[in-house]
Each structure stands twice: as C-alpha cells, then as structure tokens.
Amino acid sequence: MTSSPTRRGANAALLTFASALTIGAATLAGPAFAQARDPGAEAFVQAKGQRVISVLANKSMPDAQKKQIFKQAVDELADVPRITNFVLGKYARTITPEQKARFTPVFRTYAENVYQNRIDDYRGEKLTVTGSVIRKPGDVIVNTTISGGQIKSPLPVTWRVLGSGQTWKVVDVQFKGVWLAITQQQDFVSTIDNAGGNVDVLINQLQKGGSNRR
Amino acid sequence: MSDQPQSPRRKAAGRRFAVAVGLMSAASVLALAPVAQAQEAVPTVPAPPVSAPAVADDSAALAVNDPLEGANRASFKFSMGVDKVLLGPIAHGYMAVTPDVVRDRVSNAVYNLGEPNTVINHVLQGKPKRAMRSTTRFLVNSTIGVLGLFDVAAKMNLPPRAADFGQTFGTWGAQPGAYLYVPVMGPMNVRDGVGRALDIFTDPVRIVGGGLDTDFGKARLAVTILDTRALADPALRAVKDSNDPYATARSAYTQYREAFIREATGEMEDLPDFDTPPADAPPATPNP
C-alpha cells in the first residue's frame, strides 16, 4: 500500500505541527510568528496597558484621585468613541443624535464602574507582551500576560488594537476567551431588541446601574 | 467535571444529585469558571494571520444560535434564583472561611481527578504529547502532589492543559448547534451537552473510584460543585452587572467554548470588523 508511508508522513507532519504549536503556545514570543508581529502595536500595549494596571494596583493612592487617573489612562489606552459605537451593534445605524449624546456619557460611567470592579478581581502588577498577530494591516492582536499582585500564575490577556505606526488604540480586550466589547455588544443589542428596538430603555437602565437595580 | 448517576434505580441518590446539579446550573457560568489553572486554554492566537472574511457580520464571535430562547430564559431565571438563595451563599461562606491557599488546594484536587478524562480527549484529538504530559501530571500530582492537592507537575514544567469531549468534537469539526440553558446543567450547546454526557460516562475516575452510589462519588460531586461555584464567582458577578444577564452569559459561554476549541486546533479567531455595524438594523425586532 502506498497510503501507509504517506499516512506516516502526514502523522509525522501533524506531530511536528502539534508540537510546534505547543512549544509556540508555551513560549509565545517564539520566533515562529515573528514575521506576523507588529512592534508598534506591541510597544503601545506594553506602555499604556501597563499604565492602567499600575494605576489599579496602586494601593496608596486615594480613591478619588485613582478614579481620575484611571480615566485618563483608559483614554490613552482605548478608543472610547469607537467602542461606544461598536457596543450598539446594529443600533449604531439607527440611534438618533440626541440618543447618542445621552448614551455616550452614560455608557462611559457604566463601563468604568463595571470594569474597574471586574479588573479588581484579578488585580495584577506587571504586563508583559508575549507576541502579536497582524489580522490585517492596522488591525492587530497583541498577546500579553499579567502577573504579580494577586495573580498566582501569569494570566493571559489579549488586546485588539487598531491604528498604524506609532498611533494605536485598543478597541477590545479578551480574557479567558471572552472579548469584552463583543460581549457588551450582545448584552446591549439583546436589551434593545427586547425593548422593541427602543434605545432609550437601555440608556435608562444604564443610568440606574445595570440589571441589579431594575 | 462532575459525576452523574448512571442508574435510575437509585432514586434517593438521583434526587439528591438532581438538586445538587441544579445548584450547579446556577453556578451556571460554569464555562466562565474554567478550571482556573488551565490558563493556557485562553487563546493566544498561535496561527499565522489569515485575511479577514469579506463579510464581517457573520463572524463566529457574533453568531447567536438560540432557537429555544424563551425556554432557556426561563431556565436561566430559575437557576439564578436558586443560586441567589442557596448556592451563592454557600459558596460565599466557603470563600469567607477558607484562605486562597486552601481553595487552591481544593481546585487542584478537583482538576486532578479530571485528568484521566483529559488524557482520553488528548488521545482522541490526536495529540500524543499532550496526552503523555497529562498522564505524567496525573501520576506525579496524585502521588508526590498528595492526591492532587499540590500541582507539583506544573513546577516541573508540565502545566495543565484541559480537554473534554465537547472540545474533541469541536476539533473534529462538529458545529456547536443550538444554545441550551439546561436547569440541571447550566449553559451549553448541543455539541457540548453530548460531550459532557460522555465526559461523565467515560470518566475513568468515576468507573474506578465510584459514582454517586459511593461516598467518594458524593464527596467528589459536592466538592466539585463548591469549587466550580467559587471559581465562577467573579464571572457571575460580571453577568449580574450586565443589562441582559442571559444574553451576556450566552455570549461569554459561546466565546469561551469556541476559544477552548481553537486552543486545540490552533485556528485563528474570526473577528467582526470593528467599525461596520451589522446591516440588518430593523428599528424594532422584539425577541420571541
């Protein structure tokens, strides 16, 4: 049979591939995907992501001041207007300018509260870029780990950054396989869907602080 | 993950089981509490870049397949109610009286008992090296690691790498099918539901150590539920903070499971274009 050596070859290739993947995943920064990396995007996430984490990890700073600096750090890191648009999903097309003007600050406050609490659950101290993948020019996935602080073993966190050269902004963050902005969009769109397409219902609910106080 | 009664004759045990697992369903975001140690299960996009598809809106990350949404929502609401009055308080009590170190030991032991099933799945996925590593992990941690309490193997450069039948089916190309929120089991889809049943049925630890008819099986289930719920706590709080907790849990579960499968296949994630909202924006589309 001719298929036997072929299959053996295929198996060997598979094995090599699997082990390359394993090794690659273990080292992450391995040279295997060096050609696909974007140093500019990586440097951006390293600097601005670290800043956000440092602010949250700072125990000596008074809360009010921390909130203020956190806000600035988020603005430097993330493209808030773009995210604000994204989380509306299909309703980004139909929202009225008046509704948008109300939604924008309400979403911001909501997201800050929610994410600050959530990040507190996994407070780390050090962000390390482990690699990146260019999805297409200007759309890059940066892989990092966060360690130190309350984190026992390095926690992988993935960032989606859009931009070019030295100008980048994060639009989404993935943690345990779950993208925050995508999840937020599905939450919001479902809420609006169930309100018969009325964006005001979502805005009012966000003002009250989510479903807890409904 | 957990044990399940294989004999419908054992009614008492079965009923207790049903209650216990009902609670577990409340811990629902089971998926979000992936075994904490299995952190490399998080996708790290190991594949070379692939050009994004021309049609952005049908990306897997945004796909929702939930034909039974009405029933699922009712089941979700029920489960969250049970969590609120029963399982949540128990888990919070457990978290209050035990330090992190103790809970870590418990998580390690629970994970360790799942390791044989992990090995089976690595083999079925055609990953002999992972299977070998998981086997070594089980042997080392069960002995030197004192019945799995200490993850000694991780320190020997053998980090945990979880696998289950749902993932295996995914690597074989099975599609997730409809999303389900089963009161007894929590969030899943058809693929992972079949997978979970097989996980229990073929679990070597259950076969050798005993199912729910044994003290070991009962203790294992109880500890697994407690550990799962405690690990899920941050995720559950995130779900409760959302506007539509049901939709949020569905989205997070779906993404988590797809990421878990990509972790095994090494495929690149298909993401939606960030700046193009979906075209179909009817002004009013109330859900059924």
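Rules and cut-offs
Residues numbered from 1 in each chain as written. Chains lettered and ligands numbered in written order. Predicted model: local features only at pLDDT ≥ 70, side-chain atom pairs only at ≥ 80, totals over all residues. Heavy atoms only, no water. Helix = DSSP H or I, 4+ residues; strand = E, 2+ residues; numbered from the N terminus. Buried < 20%, exposed > 50% of the residue type's maximum accessible area, 1.4 Å probe, protein only. Contact = heavy atoms within 4.5 Å. Areas by Shrake-Rupley, 256 points an atom, 1.4 Å probe, with all protein chains shown as cover. Pairing = 2+ DSSP bridges. Axes fitted to C-alpha atoms, helices over the stretch in contact; angles between N-to-C directions. Parallel < 35°, antiparallel > 145°, perpendicular 65-115°, else oblique. Left-handed = near helix turned anticlockwise from the far one by under 90°. Nonpolar A, V, L, I, M, F, W, Y, C, P; charged D, E, K, R; others polar. Core = buried A, V, L, I, M, F, W, Y, C linked by side-chain atoms within 4.5 Å. Expected span 1.5 Å × (residues − 1). Salt bridge = Lys/Arg side-chain N within 4 Å of Asp/Glu carboxyl O. Phe/Tyr/Trp six-rings, centres within 6.5 Å; stacked < 30°, edge-to-face > 60°. pLDDT = per-residue confidence, 0-100. Polar contact = N/O pair within 3.5 Å; in protein donor to acceptor, adjacent residues only side chain to side chain.

Attention now moves to the overall build of chain B. Within chain B, the regular secondary structure consists of 10 helices and two strands. The N-to-C order of helical and strand elements in chain B reads α-α-α-α-α-α-β-β-α-α-α-α. The burial tally for chain B puts 55% of its 288 residues in the buried class. For chain B, the proportion of contacts with a sequence separation of at least 24, taken over those separated by at least 6, is 76%. Carbon together with sulfur atoms contributes 68% to the accessible area of chain B, which is approximately 12,200 Å² in total.

Within chain A, the secondary structure is distributed over seven helices and five strands. Counting helices and strands in the order they occur from the N terminus, chain A gives α-α-α-α-α-β-β-β-β-β-α-α. Here chain A holds 214 residues, and 52% of them are scored as buried. For chain A, contacts bridging at least 24 residues in sequence account for 53% of all contacts bridging at least 6.

Now for the sheet that holds strand β5 (residues 178-179) of chain A. Residues and elements named next belong to chain A. Strand order across the open sheet formed by five strands is β1-β2-β3-β4-β5, with antiparallel pairing between neighbours. The sheet terminates laterally at β1 (126-136) and β5, the two strands that pair on one side only. Two strands pair when backbone bridges link them, and β1 and strand β2 (residues 139-148) are joined in this way by nine bridges, in the antiparallel orientation. Of the residues in β2, the one forming a bridge with Thr128 is Thr145. Against the sheet, helix α2 (residues 39-57) makes contact with β1, β2, β3 (151-164) and β4 (167-175), and its axis sits at roughly 140° relative to β1, the strand it touches most.

All names here are of chain B. Contact geometry for helix α2 (residues 69-97) and helix α9 (residues 215-241): axes closest at 10 Å, N-to-C directions at 120°. Here α2 lies oblique to α9, going by the angle between them. As for how α2 packs across α9, the hand of that crossing is left-handed. Between α2 and α9, the contacting residues are Phe76, Met80, Asp83, Leu87, Gly88, Ile90, Ala91, His92, Tyr94 and Met95 on the first element and Ile225, Leu226, Arg229, Ala230, Asp233, Leu236, Val239 and Lys240 on the second. Along the lines of polarity and charge, the residues of the contact of α2 with α9 split into 12 nonpolar, two polar and four charged.

Glancing now at the nonpolar core. Counting 56 residues, the largest nonpolar core has Phe103, Trp159 and Val161 of chain A as the members making the most contacts within it. Beyond its immediate sequence surroundings of up to four residues, Val161 of chain A is in contact with Ala41, Phe44, Val45, Gly138, Asp139, Val140, Val142, Trp168, Lys169 and Val170 of chain A. Residues Phe76, Met80, Leu236 and Val239 of chain B belong to the second largest nonpolar core, which totals 14 residues.

This brings us to helix α6 (residues 180-194) of chain A. All names here are of chain A. Taking 1.5 Å as the rise per residue, α6 with 15 residues should run 21 Å; its terminal C-alpha atoms sit 21 Å apart, in good agreement. The buried fraction of α6 is high, at 13 of 15 residues. Just beyond α6, the residue with positive phi is Gly196, at close to 70°.

Tallied over the entire structure, the rule returns 32 salt bridges over all chains. Asp273 of chain B is the salt-bridge partner of Lys136 of chain A, the closest N and O atoms lying 2.8 Å from each other. Of the two residues, Lys136 of chain A sits in strand β1 while Asp273 of chain B sits in the segment after α10 (245-265), which places them in two different chains. Note on Lys136 of chain A: relative accessible area 30%, which makes it partly exposed. Where Asp139 of chain A meets Arg160 of chain A, a salt bridge forms, and the shortest distance between an N and an O atom there is 2.8 Å. Here Asp139 of chain A, found in strand β2, pairs with Arg160 of chain A, found in strand β3; they are 21 residues apart in sequence, far enough to count as distant. Salt bridges linked by common partners bring Asp66, Glu69, Arg73, Asp244 and Arg250 of chain B together as one network.

Residues and elements named next belong to chain B. Applying the stated rule across the entire model yields 12 aromatic pairs over all chains. Centroid distance Phe165 to Phe169: 6.2 Å. Interplanar angle 50°. Geometry classified as tilted. Of this pair, Phe165 and Phe169 both sit in helix α6 (residues 165-171), four residues apart, roughly one helical turn. Residue Phe165 is classed as buried on the basis of its relative accessible area of 6%. Clustering of aromatic rings is evident, with ring pairs tying together Phe76, Tyr179, Tyr181, Tyr246 and Tyr253.

This next bit is on the confidence of the model for chain B. All names here are of chain B. Mean pLDDT over chain B stands at 81; residues scoring 70 or higher make up 75%. By mean pLDDT, the top-scoring element of chain B is α6 (97), and the lowest-scoring one is helix α1 (residues 11-26) (41). Residue range residues 1-58 is modelled with pLDDT below 50. Its contacts to residues more than four positions away, or to other chains, number 152 contacts. Throughout residues 281-288 the model reports pLDDT below 50, and contacts reaching past four residues in sequence, or to other chains, amount to 20 contacts. The ipTM value of the predicted complex is 0.79, and its pTM value is 0.78.

Here we come to the side chain of Thr183 of chain A. Secondary-structure assignment places Thr183 of chain A in helix α6. A distance of 2.8 Å separates the side chain of Thr183 of chain A from the side chain of Gln255 of chain B, its partner in a polar contact.

This part covers the packing of α6 of chain A against helix α7 (residues 199-208) of chain A. Residue and element names in this part refer to chain A. Two elements in contact, α6 and α7, have axes separated by 7 Å at closest approach and are oriented at 120°. It follows that α6 is oblique to α7 by the angle criterion. α7 is crossed by α6, and the crossing has right-handed handedness. Counting all contacts with α6, which are made through Phe188, Thr191 and Ile192, the residues of α7 involved are Val199, Leu202, Gln205 and Leu206. The residue makeup of the contact of α6 with α7, split by class, is five nonpolar, two polar and no charged.

Moving on, we get to the environment of Val119 of chain B. Residue and element names in this part refer to chain B. Looking at the element boundaries, Val119 is found in helix α3 (residues 100-124). The exposure class assigned to Val119 is buried, which follows from its relative accessible area of 16%. In this view, Val119 contacts Ala131, Ser134 and Thr135; residues no more than four positions away in its chain are not counted.

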